[in-house]
Amino acid sequence: MEVRWDVFWIIIGSALLTFIPRVLPLMLFSKIQIPVWLLRWLEYVPVAVMAALIGQELLMSGNQLVPLTQNAALWAALPTFVVAIWTRSLLGTVLVGIVAMMILRYLLG
């Protein structure tokens, strides 16, 4: 088996680029005391990132806003969100989202 050195170095570089951002903060924050205000602020980061990802996915297509009358993803997200809040069931939420998207894609063509 022949080793392709360019592929080997790409794999090593990718491994380092994923390893370093995970290890350096862990090493840094294990040595210092983090202020309480910063810990409270950091609690909101995952929610803000998820909201930005979901908002962009539901409202945009490419670089343009999708009109509400043609936005099947947004309309399917509404009952899905209600089921997620009401039941707290991942399976139920996924099923409602899939069925809602199927129906809306059929209706909107």
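Structural data are supplied above this passage.
These numbers come from a predicted model, not from an experiment.

**Quick look at the overall build of the protein**
So, point 1. Within the protein one finds 5 helices and 2 strands.
So, point 2. Taken over the C-alpha trace, the protein has a radius of gyration of 21 Å; the compact-globule value for 109 residues is 13 Å, which it surpasses by more than 25%.
So, point 3. When the backbone C-alpha atoms are referred to their principal axes, the protein occupies close to 50 × 50 × 30 Å.
So, point 4. Evaluated residue by residue, the protein yields a buried proportion of 12% over its 109 residues.

**Quick word on the pattern of salt bridges**
So, point 1. Overall, the coordinates contain 1 salt bridge when judged by the stated rule.
So, point 2. Where Asp 6 meets Arg 4, a salt bridge forms, and the shortest distance between an N and an O atom there is 3.2 Å.
So, point 3. Overall, Arg 4 belongs to the exposed group, its relative accessible area being 51%.

**Here we look at the packing of aromatic side chains**
So, point 1. In this structure the tally under the stated criterion is 2 aromatic pairs.
So, point 2. With a centroid separation of 5.4 Å and 85° between ring planes, the pair formed by Trp 5 and Phe 8 is classed as edge-to-face. Taken together, the residues Trp 5 and Phe 8, both in helix H1 (residues 5–31) and 3 residues apart, mark about one turn of the helix.
So, point 3. Seen in terms of ring centroids, Phe 8 and Trp 9 are 5.1 Å apart; in terms of plane orientation they differ by 75°. Their pairing is edge-to-face.
So, point 4. Look at Phe 8 and you get partly exposed, because its relative accessible area is 32%.
So, point 5. A relative accessible area of 54% places Trp 9 in the exposed class.
So, point 6. Grouping aromatic residues by their ring pairs yields a cluster made of Trp 5, Phe 8 and Trp 9.

**Quick notes on the packing of helix H4 (residues 72–87) against helix H5 (residues 90–108)**
So, point 1. The contact between H4 and H5 brings their axes to 8 Å, and the two run at 155°. As the angle between them shows, H4 and H5 are arranged roughly antiparallel. The chirality of how H4 crosses H5 is right-handed. Contact residues: H4 offers Ala 72, Ala 73, Trp 75, Ala 76, Pro 79, Thr 80, Val 83 and Ala 84, while H5 offers Gly 92, Thr 93, Val 96, Gly 97, Ala 100, Met 101, Leu 104 and Leu 108.
So, point 2. Here the contact of H4 with H5 is built from residues that sort into 12 nonpolar, 4 polar and no charged.

**Here's the deal with the nonpolar core**
So, point 1. Counting 5 residues, the largest nonpolar core consists of Ala 72, Ala 76, Ala 100, Met 101 and Leu 104.
So, point 2. For this core, the secondary-structure elements that each account for two or more residues are H4 and H5.
So, point 3. Broken down by element, this core gets its largest block of residues, 3 residues, from H5.
So, point 4. Setting aside residues no more than four positions away along its own chain, Leu 104 makes contact with Ala 72, Trp 75, Ala 76 and Gly 109.

Scoring rules and cut-offs
Residues numbered from 1 in each chain as written. Predicted model: local features only at pLDDT ≥ 70, side-chain atom pairs only at ≥ 80, totals over all residues. Heavy atoms only, no water. Helix = DSSP H or I, 4+ residues; strand = E, 2+ residues; numbered from the N terminus. Rg over C-alpha atoms; globule rule 2.2 N^0.38 Å. Buried < 20%, exposed > 50% of the residue type's maximum accessible area, 1.4 Å probe, protein only. Salt bridge = Lys/Arg side-chain N within 4 Å of Asp/Glu carboxyl O. Phe/Tyr/Trp six-rings, centres within 6.5 Å; stacked < 30°, edge-to-face > 60°. Axes fitted to C-alpha atoms, helices over the stretch in contact; angles between N-to-C directions. Parallel < 35°, antiparallel > 145°, perpendicular 65-115°, else oblique. Left-handed = near helix turned anticlockwise from the far one by under 90°. Contact = heavy atoms within 4.5 Å. Nonpolar A, V, L, I, M, F, W, Y, C, P; charged D, E, K, R; others polar. Core = buried A, V, L, I, M, F, W, Y, C linked by side-chain atoms within 4.5 Å.

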